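# Survey of secondary and tertiary structure
The lines below spell out each chain.
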Amino acid sequence: MKRFLKILAAFLVLLVIAAGIGISRINTDSNKQAIASAVLSTTGYELVIGGDLSVSFFPSLGLSLSDVRLRNPAYPQELLSTSSVVLSVELASLFANEIQVNEISAQDFHANYFINANGTSIWEVPSDGNPTTSSTATSAGTGEPEITTLSVERLRIANASIDIQDQSQGTQYRLDNLSLDSTDTNIEGRPFSIDL
């Protein structure tokens, strides 16, 4: 869940950057690079936006990206890829140390979970002090306010697949044609619905 919060925080940073960029020149390579830089500095992961991006401001702050790929700079395999992703957030909630997400949706989503023979996952970001390969410090002890609540009104992932390979155990699995639909998702221990 901590990794999910990091990725979600990176997307929230994207939304704030996108709002500041302005509507007239939103779909430019320099803006895509600014978003990728924000994700790298926040999570330690490289984001590549191969397609278009767009921002909406009403009724909530939204970001839409196409042909998105995420990878750990220390490994050649992609972590995630999706043909399109949409994130919609209540802007006012960010000022109250909350994250209230209206919707996260992704199409043609693929994830790789690979563990090498030494037991190291490609999702692990080295913490060697190098800003290009290490994630930022957690909010504890940094003086930054911690996010107290996270709720996602609607989470939809369509046509998903996951490759799971553990060389240390000699196992390999692949799950295809997955769809996930969840409402009122939260990390506060309240029940929520999920269809998989």
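Scroll up to find the structure.
Please read all numbers here as calculations on a predicted model, not as lab measurements.

Looking now at the nonpolar core. Counting 38 residues, the largest nonpolar core has Leu-65, Leu-70 and Val-101 as the members making the most contacts within it. Apart from residues lying up to four places away in sequence, Leu-70 is in contact with Ile-7, Val-39, Tyr-45, Glu-46, Leu-47, Glu-78, Leu-79 and Leu-80.

Tallying each qualifying case throughout the model produces 7 salt bridges. With a shortest N-O distance of 2.7 Å, Asp-181 and Arg-154 are connected by a salt bridge. Here Asp-181 is found in strand 8 (residues 171-186), whereas its partner Arg-154 is found in strand 7 (residues 149-166), with 27 residues between them in sequence. A salt bridge links Arg-174 to Asp-163; the nearest nitrogen and oxygen atoms lie 2.8 Å apart. Taken together, the residues span a long stretch of sequence, with Arg-174 in strand 8 and Asp-163 in strand 7 at a distance of 11 residues. Note on Arg-174: relative accessible area 47%, which makes it partly exposed.

With 15 residues, helix 2 (residues 29-43) should reach 21 Å at 1.5 Å per residue; the first-to-last C-alpha distance of 21 Å fits that figure. Within helix 2, the full set of buried residues consists of Asn-31, Lys-32, Ile-35, Ala-36, Ala-38, Val-39, Thr-42 and Thr-43. Buried residues of helix 2, viewed axially, fall in a sector of 155°; they line one side. Among the exposed residues of helix 2, those oriented more than 90 degrees off its buried face are Asp-29 and Gln-33. Immediately beyond the C-terminal end of helix 2, within one or two residues, lies Gly-44, with a positive phi of roughly 90°.

Conventions we followed
Residues numbered from 1 in each chain as written. Predicted model: local features only at pLDDT ≥ 70, side-chain atom pairs only at ≥ 80, totals over all residues. Heavy atoms only, no water. Core = buried A, V, L, I, M, F, W, Y, C linked by side-chain atoms within 4.5 Å. Buried < 20%, exposed > 50% of the residue type's maximum accessible area, 1.4 Å probe, protein only. Contact = heavy atoms within 4.5 Å. Salt bridge = Lys/Arg side-chain N within 4 Å of Asp/Glu carboxyl O. Helix = DSSP H or I, 4+ residues; strand = E, 2+ residues; numbered from the N terminus. Expected span 1.5 Å × (residues − 1). Arc of directions from axis to C-beta.

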